[in-house]
Amino acid sequence: MLINLNGKIVPKSEAKVSIFDHGFLYGDSIYETVRTYDGRPFLLDLHLARLQESAQGINLELPISPEQLKQELIKTLEAARYPESYIRIIVTRGEGDIGYDPKLCSSPSFIILVTQLMPPPPVIYEKGVTIALVSVRRNLASAINPAVKSGNLLNQTLAWMEGARHEAYEALMLNHKGELAECTMSNIFVVKNRTLSTPALDCGILLGITRKLVLEIAQLNGLEVKESSLSPEDLWQADEAFLTVTSREIIPVVRCDHQVIGSGVPGPITKFLHAKYRQKVKELTKSSLHPIAEMRN
Ligand code: PLP
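None of the values given here were measured: they were computed from a predicted structure.

The rules behind each value
Residues numbered from 1 in each chain as written. Predicted model: local features only at pLDDT ≥ 70, side-chain atom pairs only at ≥ 80, totals over all residues. Heavy atoms only, no water. Domains from an automatic or database assignment. Contact = heavy atoms within 4.5 Å. Buried area = accessible area lost by both parts, 1.4 Å probe. Patch = residues over 30% accessible without salt bridge, like charges linked within 9 Å, V, L, I, M, F, W, Y side chains within 5 Å. Areas by Shrake-Rupley, 256 points an atom, 1.4 Å probe, with all protein chains shown as cover. Salt bridge = Lys/Arg side-chain N within 4 Å of Asp/Glu carboxyl O. Helix = DSSP H or I, 4+ residues; strand = E, 2+ residues; numbered from the N terminus. Buried < 20%, exposed > 50% of the residue type's maximum accessible area, 1.4 Å probe, protein only. Pairing = 2+ DSSP bridges. Axes fitted to C-alpha atoms, helices over the stretch in contact; angles between N-to-C directions.

Quick look at the domain arrangement of the protein now. Looking at the protein, the domain boundaries give domain 1 (2-116) and domain 2 (123-284). Each of domain 1 and domain 2 has a C-alpha centre, and the two are 26 Å apart. With 19 residues of domain 1 in contact, the opposing surface of domain 2 contributes 19 residues. Of the roughly 1600 Å² buried between domain 1 and domain 2 on both sides combined, carbon and sulfur atoms contribute 65%. Per-residue buried area on domain 1 facing domain 2 is highest for Tyr-31, Phe-42 and Arg-50; these three make up 35% of the total on that side.

What follows is the structure, given as C-alpha cells:
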C-alpha cells in the first residue's frame, strides 16, 4: 500500500494525520473510491466530478484542482506499480482547534491511498449473495445527505454491523419512509417483468457511478428502466435483484434474510447486464490513454 499525503508519497507506516484533523474529530471529510482496469483509473472524471459535488455539499474548498489531483494520482499509481489498484481519495477539513467552525482549520488535506485490487471471489457472481434488511435507517437527506460521499460513515458502519450479525454479504437500509434506500457500500436494483428499477435520488441515496452506467447500458439494450420509490415487497417479489459498486461491478442478490429472490440463483437479466458491463469496461478502457504511459510522453 502506498499513500500520497498532500503530495508526498509515503508508506503505510508513515501515513499519519493529526488527531486535531476535523476529519478525525468530526467525520468532516469526503472521499471517492476508484478502481483501475488495465492499470487505468476507470471513469476517473466522473469520480472527480462527484468529489467536487461532495465538497460543495459540505462547504469545503478542494485544496487542489481536479487536474492536479489527477496528476497526483498518476504519480502515486506509478510509484505503487500494482497490476490493478484500489484507490481511495480523501479530502479532510484539515487540522484545527476543537470546535465545529471550519475556519478553525487552516487548510484541507488530501490523501490518495493506493493498494492492490484483489479480484472478488468468483462465487459471488456464480451463486449470488444474501443480504439483510437491517433496522438501521439511512440518514435523512436533510440531516446528512447520502448523496454526499462523506467520511462521516457511522450510519453505514452500524448498518454493516447489523448485517454482519446475520452473516449477510451486505446490509440494505430503508429510508425514514420505509422505502428501499441503498446498502452500506452499494446501490440496489430489482428486476420485475423485464423492467429494471432502482431507488431514485430522492429516496436518499448516493448516485453510484456503477448505477449510472448500468442504467445507461440497460436502456441501450432496450430494457425498461425506472428510478422510483420501492418497497421491501418489491424486492421480495422481484424476479431478480443485484447490487452495484465500483470495485465489484454487478453482484447478484439471491436472498434477503430468509426470503428467496426469484428462482434463488443469479437471473438472466443480471447476467446479461454484467456481461454488457464488462464489455463496456473494455471499450472505455481501450479508448482511454494509459495514465502512466501518458505521463512518460
Ligand atoms: N452507495 C454507497 C453508500 C456507497 O458507499 C457506494 C460506494 O462506495 C455506492 C452506493 C456505490 O457507488 P459507486 O457505484 O460509485 O461505487
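Having seen the structure, we can now continue with the description.
A contiguous nonpolar surface patch, about 520 Å² in accessible area, is contributed by Leu-154, Leu-158, Trp-160, Met-161 and Met-185. Relative to the helices and strands, Leu-158 is located in helix α5 (residues 154-165). When its relative accessible area of 42% is taken as the criterion, Leu-158 is described as partly exposed.

This next bit is on the sheet that holds strand β1 (residues 2-5). If you trace the 6 strands from one edge of the open sheet to the other, you get β2-β1-β6-β5-β3-β4, paired in antiparallel fashion. Single-partner strands in this sheet number two, and they are β2 (8-11) and β4 (40-41). As paired strands, strand β3 (residues 29-37) and strand β5 (residues 85-92) are joined by 7 bridges and run antiparallel to one another. Bridging from a neighbouring strand, Val-34 pairs with Ile-87 of β5. Most of the contacts of helix α3 (residues 66-80) go to strand β6 (residues 109-116), to which it runs at about 35°, and overall it touches β1, β2, β3, β4, β5 and β6.

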